[in-house]
Structures are given as structure tokens and as C-alpha cells.
Amino acid sequence: MNFSYWEKEYLISPSDYLIVGMGLVGLQTAINLKEKHPKAIVTVVDRHGWGLGASTRNAGFGCFANISEILDDLKYDTQENVYETISKRYQGLIKLREKFGDLQMDYQTKGSIEIFTNNNKHELHEAIDSLQGINAILSRELNLERVFTYKSKCSLPGVIGTIHNEHEGQLNTGKMYRTIYSYALGLNINLIGGLEVLDWNDENEITINTRQKIQLKTKNLILCTNAFTSNLVDEDISPCRGQVIVSEPMENIPIKGLYHYDNGYYYWRDIDNRILLGGARNYDSVGETTNKIETSDVIISELKRFMEEQITSKPVSIEYQWSGIMGMGKSKQKKPIIKKIEPHVFLAARLGGMGVALSASVSEEIIKLME
Ligand SMILES: Cc1cc2nc3c(=O)[nH]c(=O)nc-3n(C[C@H](O)[C@H](O)[C@H](O)COP(=O)(O)OP(=O)(O)OC[C@H]3O[C@@H](n4cnc5c(N)ncnc54)[C@H](O)[C@@H]3O)c2cc1C
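Residues numbered from 1 in each chain as written. Predicted model: local features only at pLDDT ≥ 70, side-chain atom pairs only at ≥ 80, totals over all residues.

Student: Now, about the overall build of the protein chain: what can you tell me, with residues and values included?
Tutor: Helix and strand counts for the protein chain stand at nine helices and 18 strands. In terms of overall dimensions, the protein chain is globule-like: its C-alpha atoms have a radius of gyration of 21 Å, near the 21 Å expected for 371 residues. Taking the principal axes of the C-alpha coordinates as reference, the protein chain spans close to 65 × 45 × 40 Å. Counting every position in the protein chain, which comprises 371 residues, the buried fraction comes to 43%. (Helix = DSSP H or I, 4+ residues; strand = E, 2+ residues; numbered from the N terminus. Rg over C-alpha atoms; globule rule 2.2 N^0.38 Å. Buried ≥ 20, exposed ≤ 12 C-beta atoms within 10 Å, placed from the backbone.)

Now the structure itself:
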């Protein structure tokens with residue numbers, strides 16, 4: 001195919017910064033770069049029409065930590081890395097809200113509740129034993145008086161105890177993505193969907209080859225490809241699928257706010273008088289280690305069972321089901337990877353399951369690395 005004069009000279013002209021991945025990290029990295037270098041040509045490409053990995057398919061938790069997940073994370077990573085990542089999420093949430101506005105994202109600080117039942121009684125005891133120590137560390141790290149509070153009462157069936165985090169909130173993922181996307185467009189950032197990057201050559205300038213046989217040129221390349229990074233570079237990032245269901249609207253919705261269960265493997269919230277429930281990845285961890293954006297009967301049935309038995313106590317009709325792909329460490333580490341991989345090529349990926357808040361911090365950090 002021959003390019004038109006307009007395409008070649010104006011639409012795919014060489015960039016100063018070319019970002020691969022139009023998810024939350026890619027868009028915010030582009031925004032931060034353009035605000036720092038207003039005259040620079042900043043382009044974001046994605047193999048899909050928009051960021052279609054995790055950023056438009058998540059559950060909209062403005063979350064940074066729940067206690068049993070912290071205890072689990074400490075088994076696989078150092079204390080320093082675990083708390084540093086929590087701090088990046090917490091600071092990221094503040095940045096996200098300040099920059100894009102609570103109203104635009106429907107952000108509401110409703111708090112979160114982690115529930116425990118007889119099935120994970122042992123984790124409850126462990127959490128209660130660790131509560132004071134973890135609160136002390138978090139209050140130092142986040143400058144908050146107290147993050148976690150134990151409460152025994154909960155209206156959900158079979159719950160023997162709960163731990164509350166009143167600093168978390170929920171947002172509307174669709175509105176948040178649209179707000180950030182429009183902000184990027186408003187800054188005159190080129191957003192090009194439908195181009196899959198295959199590889200690049202770094203000589204005088206970087207030439208990028210795409211599956212669509214369109215070549216792009218840039219002075220700096222930034223990979224914000226999260227779960228799909230291993231297709232381009234060899235890094236400790238494994239794709240982990242997450243599946244989500246949304247119920248029909250209900251008259252008396254039994255929950256408000258954010259809930260977690262089983263080390264964060266199950267999570268649910270209210271949205272527009274419906275219940276959104278996601279997770280159960282541990283129910284088929286081998287099957288869910290995939291980057292296929294499909295749903296599976298085994299997980300969807302488990303989520304439906306959980307919704308009816310643990311949340312609504314009655315049969316519910318499911319109106320939406322989907323999946324998205326998270327980027328995790330192969331050995332369960334959750335610290336994001338932010339690094340220079342070649343003189344003018346950078347990587348910001350491995351956002352894990354709480355990447356909404358984290359994305360604002362990661363996209364600032366990658367730019368500092370480029371200075
Ligand atoms: C089901 C689910 C629920 C979640 N719930 C929450 C939640 O409630 N709260 C929370 O904080 N986090 C949640 N997360 C995690 C959060 O959504 C992610 O951590 C975050 O969106 C990651 O953003 P990203 O920009 O790094 O990656 P992505 O949004 O995945 O973006 C990466 C982009 O790169 C593109 N790409 C990859 N390779 C190429 C290539 N070679 N060429 C061109 N384009 C390419 C992809 O198409 C994709 O659009 C959830 C994730 C899932 C899957």
C-alpha cells in the first residue's frame with residue numbers, strides 16, 4: 001500500500017516520543033510527556049482501537065491494599081517492595097483524582113470491606129494478629145492515622161469478621177478512561193489504534209515495524225504494554241486473566257461500596273443498582289494464565305455461584321460478562337517494572353491487579369527515568 005501525502009507527512013510523521021499501549025499507563029505517560037515538552041510530537045499506538053487489555057475492563061476499585069493480600073504478598077517479596085508498591089498506589093490514587101477530577105470519574109470514597117468466613121478463619125486470625133503492626137507501618141508510609149479497622153458485624157451470610165479500609169473508593173472505569181483519553185486528545189497527542197508493534201531497529205533513530213506493515217519512526221520508544229510485554233522483550237511478566245460479571249439491576253441491592261474476599265481473589269461492588277463481581281482466578285490458575293481476552297465457563301459459573309451464595313442469597317440474572325488481562329510477576333512479585341532497556345527505549349509495565357491507582361505513579365516515574 002502506498003501512503004498518501006497526508007498520511008505520511010502528517011499522520012504518521014516521526015515522533016519525539018512514541019508510546020506503545022493505549023491503556024492507563026500509556027495515556028498518562030503521553031500526557032505527562034506532552035505537558036513537560038509542549039512542542040514535542042507525542043504518539044500513542046495500540047493494536048486495538050483503544051486500550052484493550054485491562055484499563056477498560058477492570059472493576060473500578062480505587063484501591064491500594066487489603067490486609068490478607070499484604071500478608072500473602074510478603075511471602076513472595078521483600079517488605080520494602082511490598083510497602084513501596086502500596087505507597088505508589090496510594091500516591092497514584094491522589095494524583096489521579098487531583099488531575100482528572102472525582103466528578104469526571106464518578107469517584108466516591110465509600111471504603112472497602114474484606115470479609116472472612118469459616119472457610120478462611122485462619123486468615124482472619126492472622127489478619128487480626130498483624131493488624132496493629134501493619135497499621136503502624138502504613139501510617140508511617142502513607143501519613144494516615146489508621147488504615148485497617150476490625151469489625152465483627154456484617155450483613156452478608158456466613159461472615160465471621162471483617163476488616164475495613166475507609167480510604168479506598170470506587171470509580172466508573174468507562175468515564176475515567178474517556179476522561180483521560182479526551183485529555184490526551186486535547187493536548188494534541190496522536191492516538192492511533194489498529195497498529196500492532198512487532199519489533200524495532202535502533203540506529204540513528206528508532207524504526208518500528210508493525211503487523212500492519214506500517215513503519216513508524218521515533219527518537220524515544222516507551223513500551224506500556226503491561227501483560228503483553230513478553231511478546232516484545234524478555235521480562236518477568238506473566239499474563240493473568242481476570243473475569244467479571246455484572247448482575248441485572250436490583251431494587252434493594254444488598255451491598256454498597258467495595259468488598260474483597262480470599263486474599264483479594266474475589267472482589268465486588270455496586271454499580272448503577274447492579275452488583276459487579278470479579279475474580280476467582282485461583283479457581284483455575286493454570287487456565288487463567290493466558291492473554292486470551294475470552295471468558296471461560298468454569299470461572300463464570302464459579303462467580304455466579306459466589307454471587308448467589310455469598311452476596312444476594314437468591315438467584316440472579318447475569319447481564320454482562322467479560323475478561324481482561326493483568327500483568328503479574330511470574331513468581332508473584334507485584335512491584336511494577338519501570339526501566340530503561342536500550343539507550344532510547346523504556347518500559348513501564350507489570351501493573352498487577354491494583355493498577356488503576358498505580359498507573360498515575362508509574363507514568364510519572366518512567367518520565368523521571370528519561371531525564
Ligand atoms: C478483570 C480485571 C479487573 C481489574 N480490576 C481492577 C480494579 O478494580 N482496580 C485496579 O486498581 N486495578 C484493576 N485491575 C488492573 C488494572 O486494570 C491494570 O493494572 C491497569 O489497567 C493496567 O494498565 P496498563 O496501561 O498498564 O495496561 P493495559 O490496560 O493492559 O494496556 C496495555 C495496552 O498495550 C496494548 N499492546 C500490548 N502489546 C502491544 C503491541 N505489541 N502493539 C500495540 N499495542 C500493544 C494492548 O492492546 C493494551 O491496550 C483489573 C484488571 C482486570 C483484568
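Student: Tell me about the pairing of strand 14 (residues 266–271), residues and numbers included.
Tutor: When strand 13 (residues 258–261) meets strand 14, the two strands line up antiparallel, connected through three bridges. Bridge pairing in strand 14 links Y259 to W268. Here strand 13 folds back onto strand 14 in antiparallel fashion, the turn holding four residues, of which D262 has a positive phi close to 60°. Sheet analysis places strand 14 next to strand 15 (residues 274–279), joined by six bridges and oriented antiparallel. The residue of strand 15 that forms the bridge with I271 is R274. The antiparallel pairing of strand 14 with strand 15 creates a hairpin that spans two residues between the two strands, and D272 there sits at a positive phi of about 50°. (Pairing = 2+ DSSP bridges.)

Student: So what's going on with the packing of helix 4 (residues 79–100) against helix 6 (residues 121–142)? Residues and values would help.
Tutor: With their axes 10 Å apart at the nearest point, helix 4 and helix 6 run at an angle of 50° to one another. One finds that helix 4 runs oblique with respect to helix 6. Helix 4 and helix 6 meet at a crossing whose hand is right-handed. For the pair helix 4 and helix 6, the contacting residues are Y83, I86, S87 and Y90 in the first and I137, E141 and L142 in the second. Of the residues that constitute the contact of helix 4 with helix 6, the class distribution is five nonpolar, one polar and one charged. (Axes fitted to C-alpha atoms, helices over the stretch in contact; angles between N-to-C directions. Parallel < 35°, antiparallel > 145°, perpendicular 65-115°, else oblique. Left-handed = near helix turned anticlockwise from the far one by under 90°. Contact = placed C-beta atoms within 7 Å. Nonpolar A, V, L, I, M, F, W, Y, C, P; charged D, E, K, R; others polar.)

Student: Help me get a handle on the sheet that holds strand 6 (residues 159–165), residues and values and all.
Tutor: What the eight strands build is an open sheet, ordered 5-6-4-13-14-15-12-16; its pairing is mixed. The sheet is open, and its two borders are formed by strand 5 (148–151) and strand 16 (318–328), each paired with just one other strand. Direction aside, the axes of adjacent strands within the sheet are offset by 20° on average. Here strand 12 (residues 238–247) runs beside strand 15; their pairing, made up of three bridges, is antiparallel. Paired with V244 across the strands is G278, a residue of strand 15. With respect to the sheet, helix 8 (residues 297–312) is in contact with strand 12, strand 14, strand 15 and strand 16, its orientation differing from that of strand 12 by roughly 50°.

Student: Kindly report on the site of the ligand, identifying the contributing residues and their values.
Tutor: What surrounds the ligand is a group of 45 residues, the closest being G23, G53, G242, G324 and G355. Where the shell around the ligand is concerned, the elements lending two or more residues are helix 2 (24–36), strand 2 (42–46), strand 12, strand 16 and helix 9 (355–370). Here the shell around the ligand takes four residues from helix 9, the largest share from any one element. Residue composition of the shell around the ligand, by class: 22 nonpolar, 19 polar and four charged. Each of domain 1 (5–57 + 174–236 + 333–370) and domain 2 (110–168 + 237–328) contributes no fewer than three residues to the shell around the ligand. (Near = placed C-beta within 6 Å. Domains from an automatic or database assignment.)

Student: Any chance you could break down the environment of L138 for me, citing the residues and the numbers?
Tutor: The topology assignment puts L138 in helix 6. A sequence separation of 141 residues divides L138 from G279, and the C-alpha atoms of the two residues are 26 Å apart. For L138, the contacting residues outside a window of four places in its chain are L144 and V147.

Student: Let's hear about the packing of helix 2 against helix 9: which residues, and what values?
Tutor: For the pair helix 2 and helix 9, interaxial distance at closest approach is 8 Å and the crossing angle is 40°. On the basis of their axis angle, the class for helix 2 and helix 9 is oblique. In this structure, the crossing between helix 2 and helix 9 has a hand that is right-handed. On helix 9, the residues that touch L24, V25, Q28, T29, N32, L33 and K36 of helix 2 are G355, V356, S359, A360, V362, S363, E364, I366 and I367. Its residues assigned to classes, the contact of helix 2 with helix 9 shows eight nonpolar, six polar and two charged.

Student: Break down the domain arrangement of the protein chain for me, citing the residues and quoting the values.
Tutor: The parts lose accessible area when they come together, and the size of an interface is often stated as this lost area. Entries for the protein chain in the domain assignment read domain 1 (5–57 + 174–236 + 333–370) and domain 2 (110–168 + 237–328). Inter-centroid distance (C-alpha atoms) of domain 1 to domain 2 is 31 Å. Here the residues of the side of domain 1 that touches domain 2 sort into six nonpolar, six polar and four charged.

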